[in-house]
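Structural description and commentary
Chain by chain, the residues run as shown.
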2 protein chains.
Amino acid sequence: MPPSSIREVARRAGVSVGTVSNVLNRPDLVAEATRDRVRAAIEELGFVRNESARRLRQGGRRADGDPPGARPRPFGVVVEDLTNPYATDVARGAEQALNAAGHDALWLTNDHSADKERRCLELLEQQHAAGVLITPVGLGPFGIVRLRAAGMAVVLLDHTGPGVCSVRVDHVAGGAVAAAHLLGLGRERLAFVTGAAHPQPCQERLDGAAHALAQAGREPAVTLAQASLTPTEGAAAARRLLALDQVPTGVFCANDLLAVGLVNELVRQGVRVPEDVAVIGYDDIELAATAAVPLTTVRQPRHELGRAAAELALTEAAEEPRHEHRQIVLTPELVVRESA
Amino acid sequence: MPPSSIREVARRAGVSVGTVSNVLNRPDLVAEATRDRVRAAIEELGFVRNESARRLRQGGRRADGDPPGARPRPFGVVVEDLTNPYATDVARGAEQALNAAGHDALWLTNDHSADKERRCLELLEQQHAAGVLITPVGLGPFGIVRLRAAGMAVVLLDHTGPGVCSVRVDHVAGGAVAAAHLLGLGRERLAFVTGAAHPQPCQERLDGAAHALAQAGREPAVTLAQASLTPTEGAAAARRLLALDQVPTGVFCANDLLAVGLVNELVRQGVRVPEDVAVIGYDDIELAATAAVPLTTVRQPRHELGRAAAELALTEAAEEPRHEHRQIVLTPELVVRESA
DNA sequence: AGCGTGCCTTGAAACGATTCACGATCATCG
DNA sequence: CGATGATCGTGAATCGTTTCAAGGCACGCT
């Protein structure tokens with residue numbers, strides 16, 4: 001059964017289409033008797049509004065004078081991997097801010113693939129998203145212009161670019177503080193553990209750490225690049241470390257998931273943390289605090305980060321025409337627990 | 001800047017709107033020179049198709065004769081909390097299956113709120129989703145009918161309902177096998193730890209466990225309801241357990257996150273796991289295997305579950321008119337590691 | 001009676017893309 | 001040279017809704 005249109009409802013109720021539309025959108029304009037008649041017709045025909053037509057007609061309207069029933073456009077949140085608690089925390093911070101402003105959030109993953117990223121963005125474009133918060137993998141200035149042309153606000157997460165709003169954490173500073181802490185503990189043989197893909201933020205963390213070491217006239221003994229930033233790979237890294245001629249006395253991991261896996265494996269192998277090996281992570285995910293050896297780590301204000309990004313997106317979407325792009329940089333903070 | 005329409009492109013390229021449309025949808029009908037001219041104009045204006053208009057015109061057409069360039073409708077995946085690794089794993093399984101079939105996945109969270117759930121579904125409806133995979137919180141038969149009327153396939157995750165496709169895990173069996181394992185270890189004083197909200201699946205796990213105990217003529221010593229299913233709350237539960245007159249010798253946690261937090265806290269307090277207290281979790285998330293004390297747990301085939309749900313949704317969306325709803329039940333599996 | 005005033009309702013014009021019956025153009029062939 | 005096709009483009013009709021100027025009607029007032 002082809003869904004019935006407003007016209008059939010009108011005929012059935014013996015009124016004009018305009019009146020039916022009014023019943024739908026501004027019931028107060030319609031006399032009660034008419035309203036009931038129309039409502040009954042709607043009921044009988046099982047009529048449902050055709051959203052495409054509605055949107056087409058309403059055009060690119062903004063939140064101002066929306067009749068009841070019109071929803072604000074959603075925002076897209078594109079992250080690399082929703083399986084990573086860091087990403088979900090950021091995204092959640094963003095979602096809360098968006099919800100508070102009455103908008104919905106759609107989450108999408110780009111799976112570290114520029115191709116999938118493009119698909120995601122096309123989808124959002126097609127869905128008339130009001131904006132997108134994205135951890136870009138292949139998105140360049142050109143792509144950003146395209147999104148803007150489609151009427152979307154764009155905010156970069158954890159990356160920066162020219163002429164676009166962004167929120168990032170100063171990972172160089174974070175890495176430096178982590179390295180400084182290990183040095184302060186008197187650890188000299190240091191190892192770095194990161195992911196093979198070397199995404200920009202991880203690279204910065206390592207750079208910051210390396211830089212701090214260099215200033216103290218040192219350099220890392222080893223840098224391990226694991227396949228991914230997961231506990232399983234952390235455990236693998238631990239085994240690689242233990243197989244070394246001289247086991248490092250301090251380890252800086254590019255994220256907490258790696259660190260947790262690494263610490264657990266070390267402990268299982270009888271290595272004492274932090275006595276034998278001090279380990280420091282990055283992110284301060286919930287598990288860091290509740291790990292067997294509570295993890296010393298560098299806290300990223302990730303909830304904050306999501307929130308800030310959402311707010312930038314909201315203002316960009318609101319100001320739309322002339323908008324001053326802002327780059328926000330948040331500073332991470334060392335959280336000393338037991339592992340280092 | 002209001003996004004440009006097909007008409008402006010036509011003017012710029014010096015052709016008629018019909019031709020532009022042809023370039024978009026049936027490029028082979030257009031001479032190469034014209035085609036390039038139109039494409040250039042599209043590029044310059046940053047033109048993007050207005051999906052509303054397209055859909056309006058095309059009417060309620062289905063996947064059959066879609067011209068190239070038309071995107072398949074996306075599917076929505078609604079879970080309670082994307083911060084929970086179990087949920088993300090399920091969702092990811094679903095996404096992979098959807099992607100493989102050429103569809104996109106939109107992730108949404110209902111935050112355990114029936115209200116937010118309604119918003120999510122309205123959003124998907126408005127976005128013309130092809131279907132929705134949902135962990136329902138307040139969705140009843142009536143809501144399902146409404147979704148169907150809007151042309152969406154519906155598949156329930158981890159719940160069942162009459163006249164609707166669903167995929168769930170037999171948690172009763174899972175709980176039973178966990179309890180049986182603890183009993184088999186000779187543990188008699190058992191504690192259950194769960195979440196205060198008592199979502200259906202958790203309740204089933206406990207029921208299964210309680211039933212298994214009852215068959216052995218026993219019952220749980222305590223049942224703790226923590227505020228949420230997180231490691232932090234697991235640690236809190238550990239402290240509550242240790243404050244008891246008689247500390248239980250076996251604990252069954254409603255999920256791994258709780259269990260991990262609980263085990264870690266026990267170990268920190270000098271309690272040996274599993275010697276003093278055996279702990280068994282539920283889910284088998286990645287962290288379970290790499291925890292300090294590798295966790296014995298009940299593995300849910302969550303990737304599988306997501307995949308199965310996606311496939312049901314895909315076939316429902318394809319068969320559309322006459323569709324036989326299927327209820328799939330997967331069986332969880334005990335994974336014995338070290339904690340019990 | 002004539003007129004202003006509120007209500008309600010109407011009808012037609014958008015919105016932007018797709019589709020399709022027709023022309024226009026041009027090369028080929030008898 | 002005219003007929004025949006093939007190849008390309010055109011322009012108008014159409015989808016279902018919202019919006020809005022304009023009109024109908026009943027009422028009260030002078």
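Residues numbered from 1 in each chain as written. Chains lettered and ligands numbered in written order. Predicted model: local features only at pLDDT ≥ 70, side-chain atom pairs only at ≥ 80, totals over all residues. Heavy atoms only, no water.

**Examining the overall build of chain A**
Per the secondary structure count, chain A includes 13 helices and 12 strands. Relative to the globule expectation of 20 Å for 340 residues, the C-alpha radius of gyration of chain A, 27 Å, shows a markedly less compact shape. Taking the principal axes of its C-alpha atoms as reference, chain A extends roughly 90 × 40 × 30 Å. A buried classification covers 54% of the 340 residues belonging to chain A. (Helix = DSSP H or I, 4+ residues; strand = E, 2+ residues; numbered from the N terminus. Rg over C-alpha atoms; globule rule 2.2 N^0.38 Å. Buried < 20%, exposed > 50% of the residue type's maximum accessible area, 1.4 Å probe, protein only.)

**Considering the protein's contact with DNA strand D**
Taken together, 24 residues lie around DNA strand D, and A:Ile6, A:Arg57, B:Ser16, B:Thr19 and B:Thr34 are the ones closest in. Close to the protein, within 4 Å, the atoms of DNA strand D belong to sugar or phosphate groups at a rate of 67%. In this structure, a base oxygen belonging to DNA strand D sits 2.4 Å away from a side-chain N or O atom of A:Arg57. Between B:Ala31 and DNA strand D, the recorded distance is 3.2 Å, taken from a backbone N or O atom to a phosphate oxygen. Among the elements of the structure, helix 1 (6–13), helix 2 (17–25) and helix 4 (51–58) of chain A together with helix 2 (17–25) and helix 4 (51–58) of chain B are those that each provide at least two residues to the surface near DNA strand D. (Near = heavy atom within 4 Å. Polar contact = N/O pair within 3.5 Å; in protein donor to acceptor, adjacent residues only side chain to side chain.)

**A closer look at the pattern of salt bridges**
Following the criterion strictly, the structure yields 37 salt bridges over all chains and no others. For A:Asp111, the salt bridge goes to B:Arg92, with nearest N and O atoms at 4.0 Å. Of this pair, A:Asp111 sits in the loop between strand 2 (105–109) and helix 6 (114–126) while B:Arg92 sits in helix 5 (residues 85–100), placing the two residues on different chains. Judged by its relative accessible area of 32%, A:Asp111 falls in the partly exposed class. Among the salt bridges present, the one from A:Arg205 reaches A:Asp283, with a minimum N-O distance of 3.9 Å. One end of the pair, A:Arg205, is in helix 9 (residues 200–215); the other, A:Asp283, is in strand 9 (residues 278–283), with 78 residues separating them in the sequence. There is no split in this pair, since A:Arg205 and A:Asp283 are both buried. Here the residues in one salt-bridge network are A:Asp111, A:Lys116, B:Arg92 and B:Glu95, joined through shared partners. (Salt bridge = Lys/Arg side-chain N within 4 Å of Asp/Glu carboxyl O.)

**Observations regarding the nonpolar core**
Within the largest apolar cluster, 90 residues are counted, with the highest numbers of intra-cluster contacts made by A:Leu133, A:Val167, A:Phe252, B:Leu133, B:Val167 and B:Phe252. For B:Phe252, the contacting residues outside a window of four places in its chain are B:Gly175, B:Ala178, B:Leu182, B:Ala191, B:Phe192, B:Val193, B:Arg205, B:Leu206, B:Ala209, B:Ile280, B:Gly281 and B:Tyr282. A:Val193, A:Leu262, A:Val273 and B:Ala259 belong to the second largest nonpolar core, which has 48 residues in total. (Core = buried A, V, L, I, M, F, W, Y, C linked by side-chain atoms within 4.5 Å. Contact = heavy atoms within 4.5 Å.)

**Focus on the domain arrangement of chain A**
Assigned domains within chain A: domain 1 (3–57), domain 2 (75–169 + 303–330) and domain 3 (171–299). Taking the mean C-alpha position of each, domain 1 of chain A and domain 3 of chain A sit 64 Å from one another. (Domains from an automatic or database assignment.)

**Thoughts on the relation of the copies chain B and chain A**
Overlay of chain B on chain A (RMSD 1.1 Å): rotation 180 degrees, translation along the axis 0.4 Å. The relationship between the two copies is best expressed as a two-fold rotation axis. Among all C-alpha atoms of chain B, that of B:Ser52 lies closest to the rotation axis, at 1.5 Å. A symmetric contact is evident, with 90% of the interface residues of chain B recurring at the interface of chain A. (Least-squares fit on C-alpha atoms with pLDDT ≥ 70 in both.)

**Comments concerning the environment of B:Val336**
Residue and element names in this part refer to chain B. Note on placement: Val336 falls in the segment after strand 12 (333–335). For Val336, a relative accessible area of 48% translates into the label partly exposed. Along the primary structure Val336 and Asp104 are separated by 232 residues, whereas in three dimensions their C-alpha atoms are 37 Å apart. Leaving out residues up to four positions away in the same chain, Val336 has contacts with His181 and Thr296.

**Digging into the protein's contact with DNA strand C**
Taken together, 25 residues sit near DNA strand C, with A:Ser16, A:Thr19, A:Thr34, B:Ile6 and B:Arg57 positioned nearest. One nitrogen or oxygen atom from the side chain of B:Asn25 is found 3.1 Å from a phosphate oxygen belonging to DNA strand C. Here B:Asn50 contributes a backbone N or O atom positioned 3.4 Å from a phosphate oxygen of DNA strand C. For the surface near DNA strand C, the secondary structure elements donating two or more residues are helix 2 and helix 4 of chain A together with helix 1 (6–13), helix 2 and helix 4 of chain B. The biggest single contributor to the surface near DNA strand C is helix 4 of chain B, with five residues. For the surface near DNA strand C, the residue count by class is eight nonpolar, 10 polar and seven charged. (Nonpolar A, V, L, I, M, F, W, Y, C, P; charged D, E, K, R; others polar.)

**Things to note about the pairing of strand 9 (residues 278–283) of chain B**
All names here are of chain B. The element strand 9 is extensively covered by neighbouring structure, given that six of its six residues are classed as buried. Relative to strand 9, strand 8 (residues 250–253) is paired through three bridges, and the arrangement is parallel. If you follow Gly250 over to strand 9, its bridge partner there is Ala278. The parallel pair strand 8 and strand 9, bridged by helix 11 (residues 256–268), forms a crossover whose chirality is right-handed. As paired strands, strand 9 and strand 10 (residues 296–299) are joined by four bridges and run parallel to one another. When the bridges of strand 10 are listed, Gly281 appears paired with Thr297. (Pairing = 2+ DSSP bridges. Right-handed = clockwise from strand over helix to strand, strands pointing away.)

**Things to note about helix 2 of chain B**
Within helix 2 of chain B the residues assigned to the buried category are B:Val20, B:Val23 and B:Asn25. Buried-residue contacts for helix 2 of chain B involve helix 1, helix 3 (32–45) and helix 4 of chain B.

**Describing the side chain of B:Asn255**
Residues and elements named next belong to chain B. With respect to the secondary-structure elements, Asn255 resides in the loop between strand 8 and helix 11. Asn255 sits in the buried class, given a relative accessible area of 2%. Of the polar contacts made by the side chain of Asn255, one reaches the backbone nitrogen of Leu257; its length is 3.3 Å.

**Let's talk about the interface of chain B and chain A**
Taken residue by residue, the interface counts 50 residues in chain B and 50 residues in chain A. Summed over both sides, the interface of chain B with chain A buries roughly 4,800 Å², with 50% coming from carbon and sulfur. At the surface where chain B touches chain A, the tally comes to five salt bridges. A salt bridge links A:Lys116 to B:Glu95; its shortest N-O distance comes to 2.6 Å. At the surface where chain B touches chain A, the tally comes to 16 residue pairs in polar contact (both at pLDDT 80 or more). Those elements that place two or more of their residues in the side of chain B that touches chain A are helix 4, helix 5, strand 2 (105–109), helix 6 (114–126), helix 10 (231–242), helix 11 and helix 12 (286–290) of chain B. Of the residues belonging to the side of chain B that touches chain A, the class tally is 19 nonpolar, 16 polar and 15 charged. (Buried area = accessible area lost by both parts, 1.4 Å probe.)

**What to know about the sheet that holds strand 10 of chain B**
All names here are of chain B. If you trace the six strands from one edge of the open sheet to the other, you get 7-6-8-9-10-12, paired in mixed fashion. Looking along the sheet, the strands with just one partner apiece sit at the ends: strand 7 (222–226) and strand 12. The sheet shows a mean angle of 20 degrees between the axes of neighbouring strands, direction not considered. Sheet topology note: the strand 10/strand 12 ladder contains three bridges and is antiparallel. (Axes fitted to C-alpha atoms, helices over the stretch in contact; angles between N-to-C directions.)

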